[in-house]
Amino acid sequence: MVELMGFTISRGASLFSAKPAVVATLRIPQSEQALFNQYAQQAIATATIILPKIDPALTFGEKHTNRNLFLLQVIVNLSTCLLGKLESHHGYPGISSDKSGEIVHIAYAETNAALVAQIATTAVKVALSLYPDDLSSLIPDNLWTSDPVAFCKEMLVKLKPYVKGRTIREVQLSLNNQGISWFPLDRYSRCGNQIQIGYGRHQKVLNGTTLFESSLTGINISLSKTDTRQFLAELGFPVTRQVPVTSASQAVSVASTMGYPVVVKADKGAFGDGVYPDLRNADDVIAAFNNVATSAIQQNRPGNSVFVENFVPGNDYRLTLVKGKLLNALHRKPASVTADGKRNIRELVALENRNPLRGEKTSDSASFVRLELQEAELATLKKQGMTPESVPEQGQRVLLRSNANWSSGGTIADVGHTVHPDNIALGRRIAAAMHIDIIGVDVITDDIGRSYLEGNLTILEVNHSPGIFSFRDEHGEYIDQGARIVSLVAPRASRQHMPIVLVSRGAGSAEATDALGKLFAMLGFCPGVINHSGMFINGEQWATPETIDSFDPAFTLVRNSEIDAAVIEREGRVALDLGVGTGDCDISVILSTDRGAIATAKWRNGINRSEADRLFIRSARKKSVLWIDDSDVAALGSQFPAPGLCVVSLHGYSQEVDQFVSQGATSVVLESATATGFTLRVDLGGNATSRHLVQAGNIATRQDDTALLPGLASLATMLSLDLGLEKTIRHIEQLWLNA
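Parameters and conventions
- Just so you know, the residues in each chain are numbered from 1, in the order the chain's sequence is written.
- Thresholds applied to this predicted model are a pLDDT of at least 70 for local features of residues and 80 or more for the giving and counting of side-chain atom pairs; totals over whole chains, interfaces and linings are not thresholded and use all residues.
- Side-chain numbers here rest on the full set of heavy atoms in the structure, without hydrogens or water.
- Under the scheme used here, helices are H or I runs from DSSP no shorter than 4 residues and strands are E runs no shorter than 2 residues, and both carry numbers assigned from the N terminus.
- Residue burial is assigned from relative accessible area. The probe radius is 1.4 Å, only protein chains are included, and a residue is buried under 20% of its type maximum, exposed over 50%, and partly exposed in between.
- Two residues form a contact once any of their heavy atoms are found within 4.5 Å.
- Under the convention used here, Asp and Glu are negative, Lys and Arg are positive, and both His and the chain ends fall outside the count.
- For charged residues, the charge sits on one atom: NZ in Lys, CZ in Arg, CG in Asp, CD in Glu.
- We call two strands paired when DSSP finds no fewer than two bridges between them.
- Axis definition: a line fitted to C-alpha atoms, limited for helices to the stretch in contact. Angles are taken between N-to-C directions and run from 0 to 180 degrees.
- Working rule for helices: expected span equals 1.5 Å times residues minus one.
- Two axes enter the definition of the bend at a residue: one is fitted to the seven residues ending there, the other to the seven starting there, and the bend is the angle between them.
- For this classification, under 35 degrees means roughly parallel, over 145 means roughly antiparallel, 65 to 115 means roughly perpendicular, and everything else is oblique.
- Note on residue categories: nonpolar means Ala, Val, Leu, Ile, Met, Phe, Trp, Tyr, Cys or Pro, charged means Asp, Glu, Lys or Arg, and polar means any other residue, Gly included.
- Each residue carries a pLDDT score, the predictor's own confidence in it, on a scale running from 0 to 100.
- Whenever two N or O atoms come within 3.5 Å, that pair is a polar contact, provided that in protein one can donate a hydrogen and the other can accept it, and provided that, for residues adjacent in sequence, both atoms are side-chain atoms.
- Should a side-chain nitrogen of Lys or Arg be within 4 Å of a carboxyl oxygen of Asp or Glu, the pair is scored as a salt bridge.
- Cysteine sulfurs are considered disulfide-paired once they come within 2.5 Å of each other.
- Stacked, tilted and edge-to-face are the three classes applied to pairs of Phe, Tyr and Trp rings, where Trp contributes its six-membered ring and a pair requires centres within 6.5 Å; stacked means planes under 30 degrees apart, edge-to-face means over 60, and tilted covers the rest.
- A ring is considered to have a charge above it if a Lys NZ or an Arg CZ atom is located within 6 Å of its centre and within 35 degrees of its normal.

**Q** Let's hear about the overall build of the protein chain: which residues, and what values?
**A** Of regular secondary structure, the protein chain possesses 22 helices and 36 strands. By its C-alpha atoms, the protein chain is 100 × 70 × 45 Å across when sized along the principal axes. Each of the 739 residues in the protein chain was classed as buried or not, and the buried ones make up 55%. A separation of at least 24 residues holds for 64% of the contacts in the protein chain among residues at least 6 apart in sequence. When the 68 positive and 75 negative side-chain charges of the protein chain are each reduced to one mean point, those points stand 4 Å apart.

If you want it as structure tokens, here you go:
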């Protein structure tokens, strides 16, 4: 029977993908594969009818279809299609299998693990349902559906809450394009928007557009328009006048005293919901109050207060600041249409909605949201003496909304270059006062190029998690917000990468991780080390092995905000199924290897243990340090390009060492050992040098004593990280003296 064996996350390079991936594993016994191939023609015929109903691009013409791979073709193409409908940038998954061909692995880019798992399961279910009833005994009930089209449509609706926010998707894309390290922190949760940019001490944690460092108190204040106004007013910032009201009659009384026009708002809300601006009479105020009160009940916010605010005429701007620096200043214009003197407003709206820049709020490609003619739009038209059937004069701009929110169809233009420095300083002072690192400040002014000190600017509200996304403004200019956010949030992440050293578990690996940790500390780093004894930060034990993520110990280290170097002892058996681990590695260290076969959860029919070490060598960004006195390690190294290797030997500069060096490898070799000390030969790309080190009291002088190996491997690692020969040699000598 077909079996969906489940999903795993490879947080670094793996045998399934060179990049972090969500891996779906499917098992189809060999005896059943022949039956699926036998009935492939019937499945293809069904697919040509069914799949285009899901998406017209899903076509499987017989001339272009391999019957033996048809089931996998459908799974891969359909899952890619469905993912694209919800989130773009997933790319095309990779396919691999074990030597028997029974177990197939489909590796999807790890951008949204929860969504991928749901979509892949959906694709498997639909693909199997295309086969005739003759194969029903081979398909479990939970992997079959009687109506694939309806099932797919239902799942697309059901899975919308799993979709990450547009901002975080653009940030992920920008990080990938710039080669900056990042990883998700909420792999299994729905709609997870938390990511970590950079490793260790250089990390920044982002949840949507909220930074980890932002003040919870400041965020809570910003959630209430009333609290925000009071907070800013007490600091002398220019704000509106507000009066809370509890009834429609009180709202009318306050509006009459305040003077029309006014605004009625809910205290809490987003995307312009619950905001009714430019109200000019008592009837408008009553209707707005009732709408807000009803909306608050609908949102399960019975305590959500309502207030009346003075209406401030002028242009609507949002100043977005990141870490005190201006990200952008957007001139926000309310939804509107421009009349041609022939069409009525309903027709003009339909015409504008054909604009390719307009789309759904969730679309990655939409610069603006499609226009609507709902209650709010009809009320705005009424103020102008119009209805959807009115035919305005040619050239007349007809407002559809009084508020300028993008989410209600408004347009935006980036005017950051025109903002007066005082107004930028105003935004920076508000962000500092509220301790919010990414902040959107909404203001009304007749001219953003004039200083707020001239009395022409009023603050409307503050957003602790402003919507930020790339778009083409009304002039057609593309504004890449993802790249801007990254440059301001984590300007040092790409330049100050934390070195990660992976040591393959085996003979001598524990001693090597210990020596590496000590040497990193001597060189001025704050190292984190994880081995079979636990986790150590700068030499102090922080955790026992039982509390460390055994599947991905690197994840535990790179999350730590104190370290700036990481050393991880990695179990090959785990790596065969789950990959190298978070962050991959700059240097991999292999002191022994095993060519025997082993069965794992992902490789039930067996796999060679040495495949893990091959993976470690392929994944190293700089070099792999190999102890070639071990013949199996030497044989493994000979299968890779020599310039990516640094070989270590306790047996002098042998013919085998010379063979690696002559092909471009670097080397660290113990040439001799006497009663007075050791002589090392270091060859860095053809420049050989010898150094004599004084004798360490507790280390034997025999050349074949592997007690010297951890130190040599550590020296080779530091040289491969370009940390300097003389300084590293001096500290290695000190390390041995203290042994």
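**Q** Now, about the sheet that holds strand β4 (residues 103-109): what can you tell me, with residues and values included?
**A** An order of β1-β2-β4-β3 is seen for the four strands of this open sheet, with the pairing classed as antiparallel. Among the strands making up the open sheet, the edge pair consists of β1 (3-10) and β3 (94-97). Across this sheet, the average inter-strand angle for adjacent strands is 20°, counted without regard to direction. As defined by bridge partners, β1 adjoins strand β2 (residues 21-27) across seven bridges and the pair is classed as antiparallel. Opposite Thr8, over in β2, you have Val23 as the bridge partner. Running at roughly 155° to β1, helix α4 (residues 113-129) makes contact with β1, β2 and β4 of the sheet.

**Q** Give me the lowdown on helix α2 (residues 40-54), citing residues and values where you can.
**A** With 15 residues, α2 should cover 21 Å at 1.5 Å per step; its first-to-last C-alpha distance of 20 Å lies within 8% of that length. Along α2, the helix axis deviates most sharply at Ala47, where the bend reaches about 40°. Among all positions of α2, only Ala40, Ala43, Ile44, Ala47, Ile50, Leu51 and Ile54 are buried. Among the structural elements, α1 (30-38), α3 (70-86), α4 and α5 (148-158) are those in contact with the buried residues of α2.

**Q** Before we move on, could you go through the pairing of strand β20 (residues 438-445) and cite the residues and values that matter?
**A** Residues in a regular strand project their side chains so that they alternate between the two faces of the sheet. With eight of eight residues buried, β20 is to be regarded as a mostly interior element. By the alternation rule, side chains of β20 split into Ile438, Gly440, Asp442 and Ile444 and Ile439, Val441, Val443 and Thr445, which are all buried. Note that strand β13 (residues 315-322) and β20 share eight bridges and pair antiparallel. Within β20, the residue paired with Val322 across the bridge is Ile438. Bridge analysis of β20 against strand β21 (residues 457-463) gives six bridges, and the strand direction is antiparallel. In the sheet register, Ile444 faces β21, and the bridge partner there is Thr458.

**Q** Can you tell me about the packing of α2 against α3, naming the residues and giving the values?
**A** In contact at an axis separation of 11 Å, α2 and α3 are set at 10° when each is read in the N-to-C sense. Comparing their axes, α3 and α2 come out roughly parallel. In contact with Ala40, Ala43, Ile44, Ala47, Leu51 and Ile54 of α2, α3 contributes Phe70, Val74, Leu78, Leu82 and Lys85. Looking at the contact of α2 with α3, its residues break down into ten nonpolar, no polar and one charged.

**Q** Which residues make up the confidence of the model for the protein chain, and what values go with them?
**A** Summarising the model, the protein chain shows a mean pLDDT of 87, and 92% of its residues fall at 70 or more. Contacts of residues 700-704 to residues separated by more than four positions or lying in other chains number 15 contacts, the stretch itself having pLDDT below 50.

**Q** Run through the side chain of Gln242, naming residues and quoting values.
**A** You can see Gln242 is positioned in strand β9 (residues 242-245). Judged by its relative accessible area of 15%, Gln242 falls in the buried class. A polar atom in the side chain of Gln242 sits 3.0 Å from the side chain of Glu309. Residue contacts for Gln242: discarding those within four places in its chain leaves Lys225, Thr226, Arg229, Phe307, Val308 and Glu309.

**Q** How would you summarise unusual backbone geometry if you had to cite specific residues and measurements?
**A** Geometrically, the link from Tyr260 to Pro261 is a cis peptide bond, its omega value of 0° lying close to zero. Structurally, Pro261 is set in the loop between α9 (248-258) and β10 (262-266). With phi around 55°, Asp278 is a residue other than glycine that occupies positive phi space. A relative accessible area of 12% places Asp278 in the buried class.

**Q** Explain the pattern of salt bridges to me, and be specific about the residues and the numbers.
**A** Considering all chains together, one arrives at 31 salt bridges under this definition. Across the pair Lys265 and Glu309 runs a salt bridge whose closest N-O atoms are separated by 3.2 Å. Here Lys265 is found in strand β10, whereas its partner Glu309 is found in strand β12 (residues 306-310), with 44 residues between them in sequence. Lys265 sits in the buried class, given a relative accessible area of 4%. Between Arg681 and Asp683 there is a salt bridge whose closest N-O contact spans 3.8 Å. Linked through salt bridges whose partners overlap, the residues forming this network are Lys204, Glu213, Lys323 and Asp437.

**Q** Go over the sheet that holds strand β14 (residues 325-333) with me, naming the residues and quoting the values.
**A** With antiparallel pairing, five strands are arranged side by side in an open sheet as β19-β14-β13-β20-β21. Bordering the open sheet on either side are β19 (411-414) and β21, each of which pairs with just one other strand. Here the strands of the sheet are splayed against their neighbours by 25° on average, with no regard to which way each runs. Contacts from helix α14 (residues 481-489) reach β13, β14, β19 and β20 within the one sheet, and its direction differs from that of β14 by about 150°.

**Q** Can you tell me about the state of the cysteines, naming the residues and giving the values?
**A** The final tally for this structure, using the stated rule, is zero disulfides. Not part of a disulfide, Cys585 finds its nearest cysteine sulfur in Cys646, a span of 14 Å.

**Q** Report on the side chain of Ser214, specifying residues and quantitative values.
**A** Counting through the fold element by element, Ser214 comes out in the loop between β8 (210-211) and α7 (216-222). Sequence-distant contacts of Ser214, that is, excluding residues within four places in its chain, are made with Ile219, His435, Ile436, Asp437 and Ile438.

**Q** Describe the packing of aromatic side chains, listing the residues and the values that go with them.
**A** Inspection of every chain in the model, using the stated rule, returns five aromatic pairs. Judged by centre distance (5.5 Å) and plane angle (65°), the ring pair of Phe183 and Phe555 falls under edge-to-face. Of this pair, Phe183 sits in strand β5 (residues 182-184) while Phe555 sits in helix α16 (residues 553-559), and the two are 372 residues apart along the sequence. Accessibility assignment for this pair places Phe183 and Phe555 in one class, buried. Ring geometry for Phe520 versus Phe525: centroids 5.2 Å apart, planes at 75°, classification edge-to-face. Since its relative accessible area comes to 0%, Phe520 is described here as buried. Grouping aromatic residues by their ring pairs yields a cluster made of Phe183, Tyr199 and Phe555. Positioned over the ring face of Phe555 is Arg11, at 4.6 Å from the centre of the ring. Sitting over the ring of Tyr653, Arg681 keeps its end group 3.9 Å from the ring centre.

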